[in-house]
Amino acid sequence: TGQSYRLPTEAEWEYAAGNGAKHTKYSWGNSDPNGKKGGSLRDETSKQKFAWESIWDGYTDGYATTAPIGSFDANDFGLYDMTGNVWEWCSDWKGTYPAAAQTNPKGPASGSDRVLRGGSWSSLPQVCRVAYRSHSTPGDRSLSVGFRLARTK
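Basis of the calculations
- Residues numbered from 1 in each chain as written.
- Predicted model: local features only at pLDDT ≥ 70, side-chain atom pairs only at ≥ 80, totals over all residues.
- Heavy atoms only, no water.
- Helix = DSSP H or I, 4+ residues; strand = E, 2+ residues; numbered from the N terminus.
- Rg over C-alpha atoms; globule rule 2.2 N^0.38 Å.
- Buried < 20%, exposed > 50% of the residue type's maximum accessible area, 1.4 Å probe, protein only.
- Pairing = 2+ DSSP bridges.
- Patch = residues over 30% accessible without salt bridge, like charges linked within 9 Å, V, L, I, M, F, W, Y side chains within 5 Å.
- Areas by Shrake-Rupley, 256 points an atom, 1.4 Å probe, with all protein chains shown as cover.
- Salt bridge = Lys/Arg side-chain N within 4 Å of Asp/Glu carboxyl O.
- Core = buried A, V, L, I, M, F, W, Y, C linked by side-chain atoms within 4.5 Å.
- Contact = heavy atoms within 4.5 Å.

Q: In this structure, what is going on with the overall build of the protein? I would like to understand it.
A: Looking only at helices and strands, the protein features two helices and six strands. Over its C-alpha trace the protein gives a radius of gyration of 15 Å, about what one expects of a compact globule, namely 15 Å for 153 residues. Principal-axis analysis of the C-alpha atoms gives the protein an extent of 45 × 40 × 30 Å. The burial tally for the protein puts 42% of its 153 residues in the buried class.

Q: So what exactly am I meant to see when it comes to the sheet that holds strand S3 (residues 114-117) here?
A: Strands pair in a sheet through their backbones, by hydrogen bonds, and they do so in one of two ways: parallel or antiparallel. One open sheet accounts for four strands, arranged S4-S3-S2-S5; its pairing is mixed. Each edge of the open sheet is held by one strand with a lone partner, namely strand S4 (133-136) and strand S5 (145-146). Sheet topology places S3 next to S4; four bridges connect them, and they run antiparallel. What sits directly across from arginine 114, in S4, is serine 136.

Q: Before we go on, may I ask you to explain the pairing of strand S2 (residues 87-93) in this structure?
A: In summary, the side chains of a regular strand alternate between the two faces of the sheet. Most of S2 sits out of view: six of its seven residues are buried. Summarising the sheet, S2 and S5 pair through two bridges and their orientation is parallel. Residue pairing across strands places tryptophan 87 opposite valine 145, the latter belonging to S5. The sheet contact formed by S2 and S3 spans three bridges and is antiparallel. By the bridge assignment for S3, glutamate 88 is matched with arginine 117.

Q: Would you explain a nonpolar patch on the surface in this entry?
A: Judged by side-chain polarity, Tyr5, Phe147 and Leu149 come together as a nonpolar surface patch covering roughly 340 Å² of accessible area. The class for phenylalanine 147 is exposed, based on a relative accessible area of 57%.

Q: Just to check I follow, could you spell out the nonpolar core for this structure?
A: Across soluble globular proteins, nonpolar side chains have a tendency to be buried as a group. Membership of the largest hydrophobic core is limited to eight residues, which are Tyr26, Trp28, Leu41, Trp56, Tyr59, Ala67, Phe72 and Cys128. If sequence neighbours within four positions are ignored, tryptophan 56 has contacts with Tyr26, Trp28, Asp32, Pro33, Leu41, Arg42, Asp43, Glu44, Pro125 and Cys128.

Below you can see the structure in the form of structure tokens.
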């Protein structure tokens, strides 16, 4: 494409997933998932396959694992699957957040684990919040982890 791409920072990812200044609880909004306002989540469909106890009660997305992109409504920025489907790698190393409010904070300069955001089709419901943080070593691979690219200007 002639363009430069990279992983988003954790702050960029959260801003994009939470609909900017609205900072919604989930990428689709603040309410529980409902129909196309949701995503591929740990729900009634996946419970049939995996016999999980903790699911999004009453929600059926139709997919036991990942869903094709565009199966659910995009968020306010036109982005799909920011909550659920697969965890997404961020470029930041895992570190603690400072107590004071910050604008576009940067992660630590180094570390052993990189940040993962968004939850996945196999995540507990409380983990799929836009603000929830996870992490893993960069060499780890999983059926529930993927990435989203950001274009560098």
